[in-house]
Amino acid sequence: MKKLLSISLLVAATVALPAADWLQFRGPNGNGIASETSAPTKLTEQSVAWKIALPGRGLSSAIVVDDRVFLTASSGVEQDRLHVICFSAKDGTKLWERQFWATGRTMTHQKTAGAAPTPCSDGHRLFCIFSSNDVVCLDLDGNVLWLRGLGRDYPNASNSLGMASSPVIVGDTLVCQVENDSESFAIGLAATTGANRWKLDRPKMANWTSPLVLSGTNTNASALVVLQSGKGLSAIEPRTGKEVWYYTDGAATIPSSTFAGGVFYAASKGITALRPSAGEPHPEQLWQSGQLSPATASPIVIGGKIFTLNAAGILSCADVKDGKRLWQLRLTGPFSGSPVAVGAHLYLVNEKGLVQAVNTAAPEGELASALDLKETMLATPSVANGAIYVRSDKTLWKLGGK
Amino acid sequence: MNRQFFLSMSLAFAAVSAQAVEVDLKPALMTLKKVGPEGRGNAEAAGAWQTISKADAQSIPVLLAAMDDANDLAVNWLRAAVDTIVDRELKAGGKLPTDALRAFLGGTRHHPRARRLAFELIARVEPVEADKLVPTFADDPSVELRRDAVQRLLDTADKTLAAEDKAGATKGFRAALNAARDEAQIKKAAAELRKLGQEVDLPRHFGFLMEWKIVGPFDNAKLVGFDAVYPPEKSVNLAIELDGKSGKVRWSDYATKDDYGTVDFNKPFGDHKGVTAYAYTEFNATGARPAELRLGCKNGWKIWFNGQLIFGRDEYHRGSRLDQYRFPIELKAGKNTILVKACQNEEVKDWTKEWQFQLRVCDATGTAILAKDRPAARASSATKTTAQK
């Protein structure tokens, strides 16, 4: 009876939306927004559906395809063992694991690890990149389809602090940003074989941001991919690498940007709202706000509002129309992972493992609940089928869900 | 018939089976080993991998042996095939060919990573037996296997010390240090030995190059110095005066006393920014042999060996560590020359002050290769501060 009551309360305290997979860093559109399902808003110990031990270290996010959860990790004294692991979403059972040895440099700052970038999937294949710039393509059953050693092919492509950019798959091209102080480039790889489709020189500066897919903004209606760097933004055609529009006023090298309702919210001079137009080489600048400067976490847009987190753990909410700040809410930081959203609720995980659910529909924002998982967490949460997945080095948790 | 007979028979049978497997898989293995740069051979390898990964567990030693002459990409394809076969076999309640794996592990000429994988497979199904093997790896060419054995030595020495047997602990930590190639383990053993009043020559253990001729500073404003070809890159003439950034400069002696061989340009030149400098040394090898140069540097740098540019990297102040960069070289008997260029950028933040590098000569396991004219021993910097030689 007690269990039934708990389940009833859990159901009552959820946000219900249609279900979908979580195929890449920051979800279906790379903007942190779950287009699906429900998630628990009142987080308690009972929210933990399962947890499972992980090997080594990692700050990549889980991705979810159907009933399977995929995650990367890196282990060994030199962080030179690269793990790709598949779990059952239902109960956390490990379904398979593949290990590879890094072929590129594995040195990172001690805070990060080899498994920093989040994998992505087209629903059939899994694409994983590691700080060593090793790229692994597997089918969903763990069969190897191709391997690349980008650090091996381009030996000055590395960052002694570690690489972290997560790739995106657009059509049949995998887009990776391998940007650093020395041999800095972005590359489009054929999804079927891993062969180069194109390779672009990029600014010679360390960059940990991830490419972002913009749908419906190109003249031929195909998606564009925006590459962000300290120099600014470059929107390219993913099949060819051809630049379609650009912005040269600088951008952040740690938090990525976001895209919503045809507007690109760039992590540039705080936040700069840009509206790209088909056939125009420069996006129109709508507004710019230095008050919304994101620290490590990327911005997110929900319900006509944009949210950013500063280094003090303060969540700022602003109107997407003009960038004017509406309210601020002090959360418990610091944050390395970015927020994700289900409906009007934001889910944020601080570096000490405190998962915080924020109701953004409340007039000044409201901390709806928090759950202390008591392990260092630097990864962005993932959401699928009503569940939130969070990971530390040692543990993967599923919160809520079926 | 005794156990030894059965073991011999099973190994003989395994050898025959392995030969048959090798023949069956040979075309697929050849295809897989052709993978190369920029995705070359991936499409064909995917098909070959399907064939290989469907082989039975008896094929595992063959796949491990195939790593011996495979490039690092092909090694990863092979490793994934082994993982796939092992998972399938164990899920089906089958067994791994542990006798053949043990025989493979004993073959120290095999690929170190393949041997480590063989050990881990044995440990997965026969953990007690695998554990007994660990002490035998103290002098192993596999750094990972060796690390496990050294840890045993350190743990034992710790217990001996806790029992107040200082002589025994000294012997134990010395044995651990002699075997250790892992930096953390070397640090631990050296620290314990020094606490016990023992001399430790860490530069000698690592093979750091301690004595150099240096010249500079040259200009690196706006980072032009990385690509600029200053006179030492054309030829090293230690006797002549050169045009430096702020006037004439000459080569001078520099001997580091640092345990980790740090050559610190800020000491002789002052805390300059936007500069570059060179360090030159000669390594007198006892004979021709393969070796590695291992560099740690957080500045922009280039390195030449016997007049040939080996590599250069224009990354500044992102971190440095022991063996950050590894370069295979072929030492020739007698004189070998090494020239290092280290560039300092114009950042002024506190964490951008360092202008230094460390370099050692060792084999692929990290075992020091010493020049034949290197002084016999060096007192540890913790107990003696006089410069060597």
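Parameters and conventions
- Going along each chain's sequence as written, the residues are numbered from 1 onward.
- To label them, take the chains in the order written and letter them from A, then take the ligands in the order written and number them from 1.
- Since the coordinates come from a predicted model, pLDDT governs what is reported: local features require at least 70, and pairs of side-chain atoms require 80 or more to be given and counted, while whole-chain, interface and lining totals use all residues.
- Remark: hydrogens and water are excluded; side-chain values derive from all non-hydrogen atoms of the structure.
- Numbering of helices and strands runs from the N terminus; a helix is a DSSP stretch of H or I covering at least four residues, while a strand is a stretch of E covering at least two.
- Any two residues whose heavy atoms approach within 4.5 Å are treated as being in contact.
- Any pair of N or O atoms that falls within 3.5 Å is considered a polar contact. Within protein, one atom must be able to donate a hydrogen and the other to accept it, and sequence-neighbouring residues count only if both atoms are side-chain atoms.
- Note on terminology: a nonpolar core comprises buried Ala, Val, Leu, Ile, Met, Phe, Trp, Tyr and Cys residues joined through side-chain atoms within 4.5 Å.
- For each residue, the accessible area found with a 1.4 Å probe, counting protein chains only, is set against the maximum for its type, and the residue is called buried under 20%, exposed over 50%, and partly exposed in between.
- Boundaries between domains were set according to an automatic or database domain assignment.
- A 1.4 Å probe defines the accessible area here, and the buried area is the portion of it lost by two parts on being joined, summed over both.
- For this analysis, a salt bridge means a side-chain nitrogen from Lys or Arg found within 4 Å of a carboxyl oxygen belonging to Asp or Glu.
- When residue character is reported, Ala, Val, Leu, Ile, Met, Phe, Trp, Tyr, Cys and Pro are called nonpolar, Asp, Glu, Lys and Arg charged, and the others, Gly included, polar.

## So, the environment of Glu 78 of chain A
Link 1 in the chain: Take Glu 78 of chain A: it is sitting in the loop between strand E3 (68–75) and strand E4 (81–88).
Link 2 in the chain: Distance in space between the C-alpha atoms of Glu 78 of chain A and Asp 249 of chain A is 38 Å, their sequence separation being 171 residues.
Link 3 in the chain: Not counting the four nearest positions on each side in its chain, Glu 78 of chain A is found in contact with Thr 106 of chain A together with Arg 321 of chain B.
Link 4 in the chain: At a separation of 3.0 Å, a polar atom in the side chain of Glu 78 of chain A contacts the side chain of Arg 321 of chain B.

## Let's talk about the nonpolar core
Link 1 in the chain: One finds Phe 100 of chain A together with Ile 60, Leu 63, Leu 64 and Trp 77 of chain B to be the most contacted residues of the largest nonpolar core, which totals 86 residues.
Link 2 in the chain: Ranked by residue count, the leading element in this core is helix H4 (residues 72–91) of chain B, at 10 residues.
Link 3 in the chain: Apart from the residues lying within four places of it in its own chain, the contact partners of Leu 63 of chain B are Leu 25, Leu 29, Ile 52, Leu 78, Ala 81, Val 82 and Ile 85 of chain B.
Link 4 in the chain: Phe 283, Ala 285, Cys 297 and Ile 329 of chain B belong to the second-largest nonpolar core, a separate cluster that totals 33 residues.

## Side note on the domain arrangement of chain B
Residues and elements named next belong to chain B.
Link 1 in the chain: In terms of domain boundaries, chain B breaks down into domain 1 (3–137), domain 2 (143–198) and domain 3 (206–362).
Link 2 in the chain: With centres defined by C-alpha atoms, the gap from domain 2 to domain 3 works out at 33 Å.
Link 3 in the chain: Between domain 2 and domain 3, the contact holds four residues from the first and four residues from the second.
Link 4 in the chain: In this assembly, domain 2 packs against domain 3 so that about 380 Å² is buried in total across both faces, 55% of it on carbon and sulfur atoms.
Link 5 in the chain: Area buried by domain 2 at its contact with domain 3 is led by Glu 183, Ile 186 and Arg 194, which between them contribute 77% of it.
Link 6 in the chain: Between the two partners, domain 2 and domain 3, sit one salt bridge.
Link 7 in the chain: For the side of domain 2 that touches domain 3, the class distribution of residues is one nonpolar, no polar and three charged.

## Things to note about the environment of Glu 375 of chain A
Residues and elements named next belong to chain A.
Link 1 in the chain: Within the secondary structure, Glu 375 sits in the loop between strand E29 (366–372) and strand E30 (382–384).
Link 2 in the chain: Judged by relative accessible area, which is 23%, Glu 375 ranks as partly exposed.
Link 3 in the chain: Residues within four places of Glu 375 in sequence aside, it is in contact with Glu 351, Lys 352, Gly 353, Ser 392, Lys 394, Thr 395 and Trp 397.
Link 4 in the chain: At 3.1 Å, the side chain of Glu 375 and the side chain of Thr 395 are in polar contact.

## Topic: the interface of chain A and chain B
Link 1 in the chain: On the side of chain B, 41 residues touch chain A, which itself brings 40 residues to the contact.
Link 2 in the chain: In total, chain A and chain B occlude about 3500 Å² of area from one another, counting both sides; carbon and sulfur atoms represent 46% of this.
Link 3 in the chain: Among the residues of chain A in contact with chain B, Trp 101, Met 107 and Arg 152 of chain A are the three that bury the most area, contributing 22% of the side total.
Link 4 in the chain: Summed over the shared surface of chain A and chain B, the result is eight salt bridges.
Link 5 in the chain: Across the chain A-chain B interface, the total number found is 21 residue pairs in polar contact (both at pLDDT 80 or more).

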